[in-house]
Every structure is written in C-alpha cells, then in structure tokens.
Amino acid sequence: ETGVTQSPTHLIKTRGQQVTLRCSSQSGHNTVSWYQQALGQGPQFIFQYYREEENGRGNFPPRFSGLQFPNYSSELNVNALELDDSALYLCASSLIGTSYGYTFGSGTRLTVV
Amino acid sequence: LAKTTQPISMDSYEGQEVNITCSHNNIATNDYITWYQQFPSQGPRFIIQGYKTKVTNEVASLFIPADRKSSTLSLPRVSLSDTAVYYCLVGINDYKLSFGAGTTVTVRA
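Model, not experiment: these values are computed from the prediction. (Residues numbered from 1 in each chain as written. Chains lettered and ligands numbered in written order. Predicted model: local features only at pLDDT ≥ 70, side-chain atom pairs only at ≥ 80, totals over all residues. Heavy atoms only, no water.)

Colleague: In this structure, what is going on with the overall build of chain B? I would like to understand it.
Modeller: A tally of helices and strands in chain B yields zero helices and nine strands. A compact globule built from 109 residues would reach a C-alpha radius of gyration of about 13 Å, and chain B, at 13 Å, matches this within 12%. Overall, chain B is about 40 × 30 × 25 Å in size when its C-alpha atoms are taken along their principal axes. The buried share of chain B, reckoned over its 109 residues, is 44%. Restricting the contact set of chain B to residue pairs at least 6 apart, pairs at least 24 apart contribute 55%. Of the roughly 5500 Å² of accessible surface on chain B, a fraction of 50% belongs to carbon and sulfur atoms. Within chain B, one finds 9 positive and 8 negative side-chain charges whose respective centroids are separated by 5 Å. (Helix = DSSP H or I, 4+ residues; strand = E, 2+ residues; numbered from the N terminus. Rg over C-alpha atoms; globule rule 2.2 N^0.38 Å. Buried < 20%, exposed > 50% of the residue type's maximum accessible area, 1.4 Å probe, protein only. Contact = heavy atoms within 4.5 Å. Areas by Shrake-Rupley, 256 points an atom, 1.4 Å probe, with all protein chains shown as cover. Lys, Arg positive; Asp, Glu negative; His and termini not counted. Charge placed at Lys NZ, Arg CZ, Asp CG, Glu CD.)

What follows is the structure, given as structure tokens:
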C-alpha cells in the first residue's frame, strides 16, 4: 500500500501571498486531515475532510481553507500569508471512525518572509 | 479531551530501556491512550494504543495502572535511531488528534 505523499517538500513565500499545498492520501483511506506544526511544538489540528466536505475544524482563521477530491487527495490553501504561518504542514489520512489508524506524510516546510 | 503531562526531554544510552510516563488525571471512562513517535522532518507515526493493563508490540510496551490516571511507554534496548519526539494522546475523538509538546528522547552512543 502507498503511504501519504505531500508536495512540495519546501516552499518560501512572501507575506501577503497565497499558497496551495497538496496531499495524496493512503490507499484505502477516506479522510484527510491537515495539521500545522511550529518549531518545537506538537502538531495542531487545522481541519479534516470526509466525502469532500469539512468534517471538523480547529482554531484556525477562515483564510485557511481546503478541498478534498473524489480520489481522496486534498489541498490546503492559505491566503494572506503571515510570518507566523511559517511551519511544517502535515497531512494525515485515515478511515472514518478509526481512533488510531492515522498515517502522516512527511510534510511541507513553509517559510514566510 | 483529557489533558496530558509528560516530561519535556529524556536522555539515554544505546541498549538501555527508556520509560516515558504520561499523566492524564481526567481521563474519561471510554478514552484510549495512544502514543505517536516523530522523527525530525517527518510526520508522527503511530506506535501503540491501549485501554488498561499492558499492551506490547514489536516496537514498545504500554503499561496502564488500574486507575488509568497515568501510562508508561517503555522502549526496550534503545538505539540511536530511537531518538525522536514521543507524544502521549488521550481521548482521540472522531476527527482530530490533540498533540501536546511531547517528550524529546535523545539516545547517545
């Protein structure tokens, strides 16, 4: 089975710009979640997508938005980038209803300058 | 979701056993305890999950006392490649994992 793949691996953007990060979920999984991990901290939940709709959201502003496609892949879009958005963005896929079967990708390192 | 407390860091040497204790005083009756491992520049990886007593797999053991207010992750005979951050999670709901700061384990030769 294939794991979770994310692209790009690294990205540098300027404050105020917009960014799109991509994720391909693990085969057989039907949910995709996104997490933001600042340096030295644990991952923080942004949102989850199931059946192409947002299924739960963490404490992130509306400029963080996402999409899930019919093949269960997903995008994370961040508008009006701020310096504090610099972080590792992790994508995780799972089967809906499971409590431990989350598979994470290696992340996209976003730097906002 | 139950709040968890675990040490910020632990040092060890190759071949030793590492035990990381996580406190979760307000764990709910139906909460499971789950541990994830994260290497630098990688996403977290599921290690083990348990509800009570002891669970063992090829990677680690998880010890949970009867009152379930704490749990201990045991890594037997660690190697340099076990250097990572270890997260204790309690009360995973249907759609999100709640990570704390984790415990940074450093294994030295």
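Next, the rest of the story.
Colleague: Is there a simple way to think about the sheet that holds strand E7 (residues 70–75) of chain B in this case?
Modeller: Where strands meet in a sheet, backbone hydrogen bonds hold them as pairs that are either parallel or antiparallel. Residue and element names in this part refer to chain B. In spatial order, the strands read E2-E7-E6-E5; together these four strands make up an open sheet with antiparallel pairing. What marks the edges here is a single partner per strand, and that holds for strand E2 (18–23) and strand E5 (53–56). On average, adjacent strands in this sheet sit at an angle of 15° to one another, irrespective of strand direction. Where strand E6 (residues 61–64) meets E7, three bridges bridge the pair, whose relative direction is antiparallel. If you follow Leu-62 over to E7, its bridge partner there is Leu-73. (Pairing = 2+ DSSP bridges. Axes fitted to C-alpha atoms, helices over the stretch in contact; angles between N-to-C directions.)

Colleague: Please explain the pairing of strand E8 (residues 84–90) of chain B as it appears in this structure.
Modeller: On a regular strand, one side chain projects to one face of the sheet and the next to the other, so that they alternate. All names here are of chain B. E8 sits mainly inside the fold: seven of its seven residues count as buried. Burial along E8 is two-sided: Ala-84, Tyr-86, Cys-88 and Val-90 and Val-85, Tyr-87 and Leu-89, pointing in opposite directions, are all buried. As paired elements, strand E3 (residues 33–38) and E8 share six bridges and run antiparallel to each other. Bridging across to E8, Trp-35 finds its partner in Cys-88.

Colleague: Is there a simple way to explain the interface of chain B and chain A in this structure?
Modeller: Across the contact, 18 residues belong to chain B and 20 residues belong to chain A. For the pairing of chain B and chain A, the buried interface totals around 1500 Å² over both sides, and the portion due to carbon and sulfur atoms is 53%. Here chain B and chain A share zero salt bridges between them. Remark: the boundary between chain B and chain A carries four residue pairs in polar contact (both at pLDDT 80 or more). When residues of the side of chain B that touches chain A are traced back to their parent elements, those giving at least two are E3 and strand E4 (45–50) of chain B. Tallied by class, residues from the side of chain B that touches chain A come to nine nonpolar, seven polar and two charged. (Buried area = accessible area lost by both parts, 1.4 Å probe. Salt bridge = Lys/Arg side-chain N within 4 Å of Asp/Glu carboxyl O. Polar contact = N/O pair within 3.5 Å; in protein donor to acceptor, adjacent residues only side chain to side chain. Nonpolar A, V, L, I, M, F, W, Y, C, P; charged D, E, K, R; others polar.)

Colleague: Can you help me understand the state of the cysteines in this one?
Modeller: Cysteine pairs can be covalently joined through their sulfur atoms, and such a bond is termed a disulfide. All names here are of chain A. Inspection of every chain in the model, using the stated rule, returns two disulfides over all chains. There is a disulfide in this structure between Cys-23 and Cys-91, and the S-S distance comes to 1.8 Å. The S-S bond linking Cys-23 to Cys-91 shows a torsion near -65°; that makes this disulfide left-handed. Within this pair, whereas Cys-23 is found in strand E3 (residues 19–24), its partner Cys-91 is found in strand E9 (residues 87–94), the two being separated by 68 residues in sequence. Note on Cys-91: relative accessible area 0%, which makes it buried. (Disulfide = S-S within 2.5 Å.)

Colleague: Explain the side chain of Gln6(A) here, please?
Modeller: All names here are of chain A. With respect to the helices, strands and loops of the structure, Gln-6 is situated in strand E1 (residues 5–7). Looking at Gln-6, its side chain comes within polar contact range of the main-chain oxygen of Tyr-89, at 3.0 Å. Looking at Gln-6, its side chain comes within polar contact range of the main-chain nitrogen of Cys-91, at 2.9 Å. Not counting chain neighbours up to four residues away, the residues in contact with Gln-6 comprise Arg-22, Cys-23, Trp-34, Tyr-89, Leu-90, Cys-91, Gly-105, Ser-106, Gly-107 and Thr-108.

Colleague: Can you walk me through the pattern of salt bridges in this structure?
Modeller: Pairs can form between side chains of opposite charge once their charged atoms are near each other. The final tally for this structure, using the stated rule, is five salt bridges over all chains. Residue Arg63(A) is joined to Asp85(A) by a salt bridge in which the shortest nitrogen-to-oxygen separation is 2.8 Å. Taken together, the residues span a long stretch of sequence, with Arg63(A) in the loop between strand E6 (53–57) and strand E7 (64–68) and Asp85(A) in the loop between strand E8 (74–78) and E9 at a distance of 22 residues. Judged on exposure class, the residue Arg63(A) and its partner Asp85(A) are both buried. Among the ionic pairs, Asp11(B) bridges to Arg108(B), the shortest N-O distance being 3.3 Å. With a gap of 97 residues between them, Asp11(B) in strand E1 (residues 9–13) and Arg108(B) in strand E9 (residues 103–108) connect regions that are remote in the sequence.

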